[in-house]
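These are the residues of each chain, in order.
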Amino acid sequence: MPVTDGSVRAGSDERAPAENTNDFQVVSLYERWRKIQYLWVKGRFQSLRRFALGVLVAVFYIGPWLRWEGRQAIWLNLPERKFMFWETTFWPQDFVLLALLLVIAAFTLFVFTVAAGRLWCGFACPQTVWTLCYVWIERKIEGGRYQRIKLDQAPWTAAKFAKKGLKYLCWAVLALSVSVTFVGYFTPIEVLLREIAELTVGPWEAFAIFGLAGASFLFSGVLREQVCLHMCPYARFQSVMFDRDTLIVSYDARRGEPRGGRSRRVDPDAQGLGSCVDCGLCVRACPTGIDIRDGLQYECITCAACIDVCNGVMDKMGYAPDLIRFSSENQDEGVPKANRRLRLWSYAAVLLTVSGILVFDLATRVPLGLDIIRDRGRLYRESWDGSVENTYTLLIRNMEQHPHTYEISAEGEIPLQYSGVKRVEIEGGSQVSIPISLMSAPGAGGAPNSSVEFTVEKVGEPVRSVTKESRFLRPLESISESGSSGDA
Ligand code: SF4
Ligand code: SF4
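These numbers come from a predicted model, not from an experiment.

About the cut-offs
- Residues numbered from 1 in each chain as written.
- Chains lettered and ligands numbered in written order.
- Predicted model: local features only at pLDDT ≥ 70, side-chain atom pairs only at ≥ 80, totals over all residues.
- Heavy atoms only, no water.
- Buried < 20%, exposed > 50% of the residue type's maximum accessible area, 1.4 Å probe, protein only.
- Helix = DSSP H or I, 4+ residues; strand = E, 2+ residues; numbered from the N terminus.
- Pairing = 2+ DSSP bridges.
- Phe/Tyr/Trp six-rings, centres within 6.5 Å; stacked < 30°, edge-to-face > 60°.
- Expected span 1.5 Å × (residues − 1).

Asker: Even after reading the chapter, I still don't get the pairing of strand β10 (residues 388–398), so can you show me in this structure?
Answerer: One face of the sheet, then the other: side chains in a regular strand alternate in exactly this way. The buried fraction of β10 is high, at 9 of 11 residues. The pairing of strand β8 (residues 368–374) with β10 spans 7 bridges and is antiparallel. Opposite Ile-372, over in β10, you have Leu-394 as the bridge partner. Note that strand β9 (residues 381–382) and β10 share 2 bridges and pair antiparallel. Bridge pairing in β10 places Arg-381 opposite Glu-389. What sits between the antiparallel neighbours β9 and β10 is a turn of 5 residues, in which Gly-386 has the positive phi angle 95°. Strand direction decides the pairing type here: β10 and strand β14 (residues 430–440), joined by 11 bridges, are antiparallel. By the bridge assignment, Arg-397 is partnered in β14 with Gln-431.

See the structure below:
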């Protein structure tokens, strides 16, 4: 019976026939999830895609095994807050470099998107890359698309249990290899593997390994395209970056329509047909299950599987290739490419500027850090003879990989007596904290709040030094009129 109260039943798939104007059609607000089993396509773009996948996966797995001077070359040492990349060590104080790097990554993506659309999604996004790995395993165990669909629809038998069980087991091994490798960037991979073998992994590492493995299994193995369609924010906002010359995957409707099946021997012109033989392979090859012939859709991740599969069909039919191809809106409409692509050049200008700042920052970066912490418990200490003492803690970081000796000095607006360590040796990639105190003479003049500069200088070549300013505080009553400034 048709629904007559005018309501829409959410979550229902019922459809009432709209036979006359008084009938209602019940439209579901929620689409039931249907598993997409897509074809494993061969072709020019798929070879390129799989090559990119191989390179990215290899870089990911090899990364933690690279060595540099007896330690892991890439080591994000969170407990000690040191981030080591070969010769260089970054500290939380280098946060500005990380911020610049993130801005560069974002604008590289923007430039790439305006110029080449969603190529990132199809060819380099980790979700797509890992999904392809999981699908490859599934295909090896369960067979091609039609065998997989048949297996999914078949009743649960011992053979189905065995195939599904083996697939999930292999997926679990892949997921664990991903998570262990990832954690290996934070805990040296050799130590981590030894801890795993001896079952002595710490709670946080165990949590990270199982949590990440679960996420990889779920997102790339089970949910796959659902992540791209419903969870990825980038898919939602990237269309605002597109212009009419952005590279997109599109179907040449002028050439393809009217579509229709025919034999190879039939002349399509004589039959009034376009080049599309309506074989549906482009839809079956699509990992997001869309029909590119319906036009540009946000679900398209630009994987180019439909291009390759359609070119195969065109080849068999003896037609020209590229019925589905990389093009742009202007190209589709026969409009010449615009010279002034304001959005593209604006993003590129920001990218170049920020990259320049980062390069300059890195080139002029002194691998020596100094932070000065004043004694917060007491601003100053006054002696019976009128002298005033301020205490400080100097945090000195050797950001190089080798031990070095450093000299410490202080120079104030008023004469100050230095008390504490003047020469210190610091291991490579380490930080030491040195307590020192400065004392003003009884009755010394000058302001009650005067400047003092601390300098830490490396002994030997190349010359490196860093200077930072702090304050020297005294009570007003300790200051005489006859003060003068000078070295500490
Ligand atoms: S693969 Fe090509 S020929 Fe086949 S339906 Fe798609 S567009 Fe038409
Ligand atoms: S429409 Fe083509 S390019 Fe887009 S996701 Fe589907 S197969 Fe890939």
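Asker: Honestly, the packing of aromatic side chains in this entry has me stumped. Any pointers?
Answerer: Geometry of an aromatic ring pair is reported as the spacing of the ring centres plus the angle between the planes. Tallied over the full model, the rule gives 17 aromatic pairs. Ring centres of Phe-107 and Phe-110 lie 5.2 Å apart, and the angle between their planes is 70°; on these two criteria the pair is classed as edge-to-face. Within this pair, Phe-107 and its partner Phe-110 are both found in helix α2 (residues 95–116), separated by 3 residues, close to a single helical turn. Here the two residues Phe-107 and Phe-110 agree in accessibility, since each one is buried. Ring plane angle 90° and centroid distance 6.2 Å describe the contact between Trp-204 and Phe-207, whose orientation is recorded as edge-to-face. Separated by 3 residues within a single helix, Trp-204 and Phe-207 lie in helix α8 (residues 203–223), roughly one turn from each other.

Asker: Explain helix α14 (residues 305–317) here, please?
Answerer: Every α-helical turn comprises 3.6 residues, leaving residues that sit three or four positions apart pointing alike. If you check α14, its first and last C-alpha atoms are 19 Å apart, about what 13 residues at 1.5 Å a residue would give, namely 18 Å. All of the buried residues in α14 are Ala-305, Cys-306, Ile-307, Asp-308, Val-309, Cys-310, Asn-311, Val-313, Met-314 and Met-317. Positioned one or two residues after α14, Gly-318 has a phi angle of 80°, which is positive.

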